[in-house]
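Residue-level structural notes
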Amino acid sequence: MNDHVTRHWRSAEGLNLFARDYAGAGGEARLPVVCLHGLTRNSRDFENVSPWIAARQRRVLALDMRGRGHSERDPAENYDIATYVADITALLAQLGIGRAIFVGTSMGGLITVELGTLYPELVAGAVINDIGPQLSMVGLGRIAGYVGQGKPLPDWQAAADACAAMNADVFAHYGPADWMAMARRLFREEGGQVIADYDPGIARALARIVADPDPWGKWHRFADARPVLVLRGTVTDLLDADVAQAMVAGKPRAVLAPVAGVGHAPMMDEPDAREAMGRFFDQVD
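Before going into details, it helps to say that this report is about the structure given with it.

Here is what the cut-offs are and how they apply
Residues numbered from 1 in each chain as written. Predicted model: local features only at pLDDT ≥ 70, side-chain atom pairs only at ≥ 80, totals over all residues. Heavy atoms only, no water. Helix = DSSP H or I, 4+ residues; strand = E, 2+ residues; numbered from the N terminus. Rg over C-alpha atoms; globule rule 2.2 N^0.38 Å. Buried < 20%, exposed > 50% of the residue type's maximum accessible area, 1.4 Å probe, protein only. Phe/Tyr/Trp six-rings, centres within 6.5 Å; stacked < 30°, edge-to-face > 60°. Lys NZ or Arg CZ within 6 Å of the ring centre and 35° of its normal. Axes fitted to C-alpha atoms, helices over the stretch in contact; angles between N-to-C directions. Parallel < 35°, antiparallel > 145°, perpendicular 65-115°, else oblique. Contact = heavy atoms within 4.5 Å. Arc of directions from axis to C-beta. Core = buried A, V, L, I, M, F, W, Y, C linked by side-chain atoms within 4.5 Å. Pairing = 2+ DSSP bridges. Nonpolar A, V, L, I, M, F, W, Y, C, P; charged D, E, K, R; others polar.

**Focus: the overall build of the protein chain**
Scanning the protein chain for helices and strands turns up ten helices and ten strands. Expected size for 285 residues packed as a compact globule is a radius of gyration near 19 Å; at 18 Å, the protein chain falls within 12% of this value. The dimensions of the protein chain, computed from C-alpha atoms along their principal axes, are 50 × 40 × 40 Å. Within the protein chain, buried positions represent 56% of all 285 residues.

Written out as structure tokens, the structure reads:
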């Protein structure tokens, strides 16, 4: 897509990191939005939702976390939530952004909660996409079974077929063009082959990323302090329905929005997601 500029910044250790920067539409500027992707994903996951948010007069930053997309790779022991938080705050400091709304999908939601815990003034509000303080072992087992296991593929059609085979239950409404678009987001060409666009070493970091000694306590402090929208795919295998309900129970500024017929995780271009996010962005500043 050609409606963004690219940003590069350095981590504390000197890694070159990458983000897409979408200018907000004309009019009175509103709080910017920072989009954080899931474990094996990258900023291209937000290529449809970022322009839609930007049209609401909000600048949007969609990041490639280290080890994904155009950001440099690192030893596996450095792929953890604390390191990602440091990378994000370094970019925001460079850009002079002291307060923003965050959109976090899966791992990006865990990072967002940690950001709000360590830097409460930074996170004005959050969209937490299909993740929570208690995760289903079914979904975790599925993720552990594929992350870092992919083999090089001969061409883009094979990549699209692989996306369809792995995600048919997640996006039952997808057709061939959708699977090809997903492949273009998740893979890249290298040496005449098509490979997953992430460091396979992140597989060794999964347990650290989802570990937290006090996940519910952290969640309650986070969701009590700011407006929060929780998106949950109705056929997700990672965030159980009762857990999602408990995340918003007794919290007047937290809203749960089911995304019908979608698994882990909604792409946020679904009508249910757009309707809920539209209301949220209209209300938060």
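**Structural notes on the packing of aromatic side chains**
Tallied over the entire structure, the rule returns four aromatic pairs. Here Tyr-174 and Trp-179 contribute two aromatic rings whose centre-to-centre distance is 4.9 Å and whose plane-to-plane angle is 65°, an arrangement assigned as edge-to-face. Note on accessibility: Tyr-174 and Trp-179 belong to one class, buried. One aromatic cluster in this structure is built from Phe-171, Tyr-174 and Trp-179. Cation over ring: Arg-56 sits above Trp-52, and NZ or CZ is 4.9 Å from the ring centre. The side chain of Arg-184 reaches across the aromatic face of Trp-156, ending 4.1 Å from its centre.

**Some thoughts on the packing of helix α2 (residues 81-95) against helix α3 (residues 107-118)**
A packed helix pair is summarised by two numbers, namely the angle formed by the two axes and the spacing between the axes. It is at 10 Å that the axes of α2 and α3 come closest, and there the two elements cross at 70°. On the basis of their axis angle, the class for α2 and α3 is roughly perpendicular. Facing α2, whose interface residues are Ile-81, Tyr-84, Val-85, Ile-88 and Thr-89, α3 presents Met-107, Leu-110, Ile-111, Glu-114, Leu-115 and Leu-118.

**Focus on helix α6 (residues 176-186)**
For α6, the full list of buried residues reads Trp-179, Met-182, Ala-183, Arg-185 and Leu-186. Each buried residue of α6 lies within a common arc of 160° when the element is viewed along its axis, so the set occupies one face. Along α6, the residues that are exposed and aim more than 90 degrees away from the buried face are Pro-176 and Ala-177.

**A few points about the nonpolar core**
Ranked by internal contacts, the top residues of the largest apolar core, which has 52 residues, are Leu-36, Leu-63, Ile-88, Phe-102, Ile-111, Leu-115 and Trp-219. Tallying contributions element by element places α2 first for this core, with six residues. Ignoring sequence-local partners within four residues, the contact set of Leu-115 consists of Leu-36, Val-85, Ile-88, Thr-89, Phe-102, Pro-120, Leu-122 and Val-123. Tyr-22, Ala-62, Ala-160 and Val-284 belong to the second largest nonpolar core, which has 42 residues in total.

**Here's the deal with the environment of Glu-47**
Tracing the sequence through the fold places Glu-47 in the loop between β3 (33-36) and α1 (49-54). A residue is classified by how much of its surface remains accessible, and Glu-47, at 16% relative accessible area, is buried. Linking Glu-47 and Ala-177, residues 130 residues apart in sequence, is a C-alpha distance of 15 Å.

**Some words on the sheet that holds strand β6 (residues 123-129)**
Ordered by their spatial adjacency, eight strands build an open sheet running β1-β2-β4-β3-β5-β6-β9-β10, and the pairing between neighbours is mixed. Looking at the sheet topology across the chains shown, the edges are occupied by β1 (5-10) and β10 (254-259). Ignoring which end each strand starts from, the neighbouring axes of this sheet average 20° apart. Of the pairings in the sheet, the one linking strand β2 (residues 16-22) to strand β4 (residues 60-64) comprises five bridges and is antiparallel in character. Residue pairing for β4: Asp-21 is matched across the bridge by Leu-61. Packed on one face of the sheet, helix α10 (residues 271-283) meets β3, β5 (100-105), β6, β9 (228-233) and β10 and runs near 180° to β9.

**Observations concerning the packing of helix α5 (residues 156-167) against α6**
One can describe the packing of α5 onto α6 by two numbers: an axis separation of 8 Å at closest approach and a directional angle of 105°. As far as their axial angle goes, α6 and α5 are roughly perpendicular. The segment α5 lies against α6, with Trp-156, Gln-157, Ala-159, Ala-160, Cys-163, Ala-164 and Asn-167 engaging Trp-179, Met-180, Met-182, Ala-183, Arg-184 and Leu-186. The residue makeup of the contact of α5 with α6, split by class, is ten nonpolar, two polar and one charged.

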